[in-house]
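# Breakdown of the fold
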Amino acid sequence: MASTDSKEHEKQLEGWFYPSEEIKSEAYVSSMDRYKELYQKSIDDPAGFWGDIANEFYWKVPPSKEKFMQFNFDTREGKVFIKWMEGAVTNISYNLLDRNVEKGLGDNVAFYWEGNFPGDSKQITYSELLSEVCKFSNVLKDKGIKKGDRVAIYMPMINELVVAMLACARIGAVHSIVFGGFSAESLAERILDSTCKVLVTADGSYRGAKLIDLKEISDEAIGKCKDQGFTVETCIVVQHVGGGSGNGTVSPRTSPVAKKPCPPIQTNFNSAVDCWWHELMSCASDKCEPCWTDAEDPLFMLYTSGSTGKPKGVLHTVGGYMLFTAVTFKYVFDYHPGEVYWCTADIGWITGHSYITYGPLANGATSVLFEGTPFYPDSGRFWGVVDKYHVSKFYTAPTAIRALMKFGKAVVQKYNRKSLKVLGTVGEPINPEAWLWYYRTVGDERCVIVDTYWQTETGGHVITSLPGATPMRPGAASFPFFGVVPAIVDEHGKELEGACEGFLVMKQPWPGMARTIYGNHERFERVYFSKFNGYYTTGDGCKRDSNGYYWITGRTDDCMNVSGHLLSTAQIESALVEHDAVTEAAVVSCPHKEKGEGIYCFTTLMEGVEFNEQLIKELKQKVRSKIGPFATPDVIQNSPGLPKTRSGKIMRRVLRQVAKNDKKIGDVTTMADSSVVDNLFHNRPHVD
Ligand code: WT7
């Protein structure tokens, strides 16, 4: 019996799964034939296809058919450029808010805010959001922010974060959001790169039982900027956790779990720079004429890891991003009016930008905005929230699914989850075991899973399944979204046909793709367009099977994917060598049960320095303070010698084998001293 069961299980891992009749019957795209038809139209007639979608939005000057899509991907032909609807004039906050209010959706809930502590919740309607956005637009203008200026945002998952970003969009300013898990050093580096005169933050935020002192980190970052000769003129602080030395009008948050108020935090307040959000808002007008921007004006920048270690400020523009996030949201989640949608990502990452703020609001959707973690107060929190708001479309990451799997079924089955229809996944390839658990245990084999492959640079989903159309394969991102033309090339840049494996590239732009790296277009060309002439290089490996399904196999550059977040090995190495004890460091990824990839560090120490627990602690701390807690190394191995080629290059391929304790290291004839490898295997620390 047991063996039949496990055989059955094996079969399922490689199996086919189909959307139910119920899901198909209400889907916008209810068959593969229909998908192919729409896809073909999007490729044959981009101006017609995207023009129809553009018509649903308000344009002061509508896009002209001739100028719909213009681009050059080939560096041999001149500068790389990508433009959609240049010359058309609109405002994205107007389209997300005013347009929906005028359509009669003003009283609809835009966000159900669910705080870290159960019971701490509130909601905001479209009209209320519009009025808050107008007020904050006026506040920013008052602080001297004009069209094209950059504004740094370092905030927890609260309504004010959405308000701040849309206010920037309303006045044509460029928001640069830095995820709240980044350190002061990382925040400062980003503020400096984009020269932001204004920083918007909060006094703090709870994540589970832990208080994160965002204001203190902000102060430290502002100090670091000053050391570099740059002044952040204004820091606007939302009083979220309460207490502190503010005016005391906001009471401290109460934890209904602990049945006591959260300890107030003493917020430092420097009146030359700091302003309380609520004080500025209380006297701001709630009317603000939008700044009418060109479709190709910048909307926001968002930093992502690059293989050299210096983060890249990926820049997105107004018009194309608006169309692409709106349309992917509608089709990939098959969102229908009246439904409640929930994306558990943080707005500090691209997933939150596109699929918490822009895509859902462009569709007039109702979403959950969640401040907390999946494990607080217990690991049933996600499903409790799903039941509380009758969430029907749910979007999370494989790393969260794997972490929840280990708590078993019972804590999921305690909740009824009957409202769920579509379950999305994003961030890294999902292993079939996690896929099946998501499908069976969370979705009761009733829901559809959409595996959405995309990147900070792509702005929105580029390879994905569609709920009513795609037969599902656990682990396959499946097919290109409308307007996206992928190809798989070999190491010489030759396009491969049929079933094959190689480098994933894109042959032409789609509206939501990034236009440049802020302040460094040359780096944009080098990173994405120089490896294979005429193609956008994703940096991912990919397999196409005989049915045409695309399966992402992981990064092909020196980036690691840790819990769905990209980190560069170089960035972690340079943090480690900053410690006095370290002369050289090499970082690779290793398989990790929950995070997907873990961070494995090899360090060579100065003569005479002892490798001990205290040093490991200090090295981990060094990385945390340079980058942020989410980049904390999993393993640090003392490595008196590192495997190098005769020309002195570290052989990461060999280190990856050591990290996973796999002795099949392949050809090492180029290695200068092969005894180094035996020592590394011999001295591997015990790893779970
Ligand atoms: C990298 C982009 C896009 C939002 C989150 C990450 C990996 C992302 C998938 C998926 C396989 C995936 C890729 C990609 N990735 N989604 N569904 N299947 N891999 O954004 O930090 O820019 O990372 O995440 O490696 O290149 P990002």
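Residues numbered from 1 in each chain as written. Predicted model: local features only at pLDDT ≥ 70, side-chain atom pairs only at ≥ 80, totals over all residues. Heavy atoms only, no water.

Right, let's talk about the packing of aromatic side chains for a bit. Using the criterion set out here, one finds 59 aromatic pairs in the structure. Measuring from centroid to centroid gives 5.7 Å for Phe179 and Phe630, while their planes differ by 70°, and the two rings are edge-to-face. Note that Phe179 is positioned in the loop between strand 7 (174-177) and helix 8 (184-194) and Phe630 in the loop between helix 19 (613-626) and strand 34 (635-638), a separation of 451 residues in sequence. On the basis of relative accessible area, Phe179 is assigned to the buried category, the value being 15%. The class of Phe630 is buried, set by a relative accessible area of 18%. Between Phe382 and Phe394, the ring centres sit 5.6 Å apart and the planes meet at 75°, which makes this aromatic pair edge-to-face. Highlighted residues: Phe382 in helix 13 (residues 381-389) and Phe394 in strand 20 (residues 391-396), separated in sequence by 12 residues. Like Phe382, the residue Phe394 is buried in the burial classification. Over the ring of Trp113 we find Lys122, and its NZ or CZ is 5.3 Å from the ring centre. (Phe/Tyr/Trp six-rings, centres within 6.5 Å; stacked < 30°, edge-to-face > 60°. Helix = DSSP H or I, 4+ residues; strand = E, 2+ residues; numbered from the N terminus. Buried < 20%, exposed > 50% of the residue type's maximum accessible area, 1.4 Å probe, protein only. Lys NZ or Arg CZ within 6 Å of the ring centre and 35° of its normal.)

Looking at the ligand, there are 18 residues lining it, with Asp451, Thr452, Thr456, Asp540 and Arg555 nearest. Asp451 has a polar side-chain atom sitting 2.8 Å from a nitrogen atom of the ligand. Gln455 places a side-chain nitrogen or oxygen 2.9 Å from an oxygen atom of the ligand. In isolation the ligand exposes 560 Å². Once the protein is present, 96% of that is buried. Counting residues per element, the ones that place at least two in the shell around the ligand are helix 12 (350-362), strand 22 (448-453) and strand 29 (550-555). Residues that form the shell around the ligand fall into these classes: seven nonpolar, seven polar and four charged. (Near = heavy atom within 4 Å. Polar contact = N/O pair within 3.5 Å; in protein donor to acceptor, adjacent residues only side chain to side chain. Areas by Shrake-Rupley, 256 points an atom, 1.4 Å probe, with all protein chains shown as cover. Nonpolar A, V, L, I, M, F, W, Y, C, P; charged D, E, K, R; others polar.)

Counting buried positions along strand 33 (residues 596-605) yields eight of 10 residues, so the element is predominantly enclosed. Note that strand 32 (residues 582-592) and strand 33 share 10 bridges and pair antiparallel. Within the sheet, the bridge partner assigned to Pro591 lies in strand 33 and is Glu597. Linking strand 32 to strand 33, which pair antiparallel, is a turn of three residues. As defined by bridge partners, strand 33 adjoins strand 34 across four bridges and the pair is classed as parallel. Considered in strand 34, the bridge of Tyr600 is made with Val635. The β-α-β motif built from strand 33, the intervening helix 19 and the parallel element strand 34 has right-handed crossover chirality. (Pairing = 2+ DSSP bridges. Right-handed = clockwise from strand over helix to strand, strands pointing away.)

Taken in spatial order, the four strands of this open sheet run 25-26-28-29, and their pairing is antiparallel. Edge positions in the open sheet fall to strand 25 (486-489) and strand 29, since each of these has one partner strand only. Strand-to-strand twist across the sheet, computed as the mean angle between neighbouring axes with direction ignored, equals 45°. Sheet analysis places strand 25 next to strand 26 (residues 500-506), joined by four bridges and oriented antiparallel. Bridge pairing in strand 26 places Ile488 opposite Leu504. (Axes fitted to C-alpha atoms, helices over the stretch in contact; angles between N-to-C directions.)

Let's shift gears to the environment of Lys494. Tracing the chain through its elements places Lys494 in the loop between strand 25 and strand 26. By relative accessible area, which is 51% here, Lys494 ends up exposed. Counting along the chain gives 38 residues from Lys494 to Phe532, while the straight-line C-alpha distance between them is 8.7 Å. Beyond its immediate chain neighbours, meaning those up to four positions away, Lys494 contacts Ile488 and Val489. (Contact = heavy atoms within 4.5 Å.)

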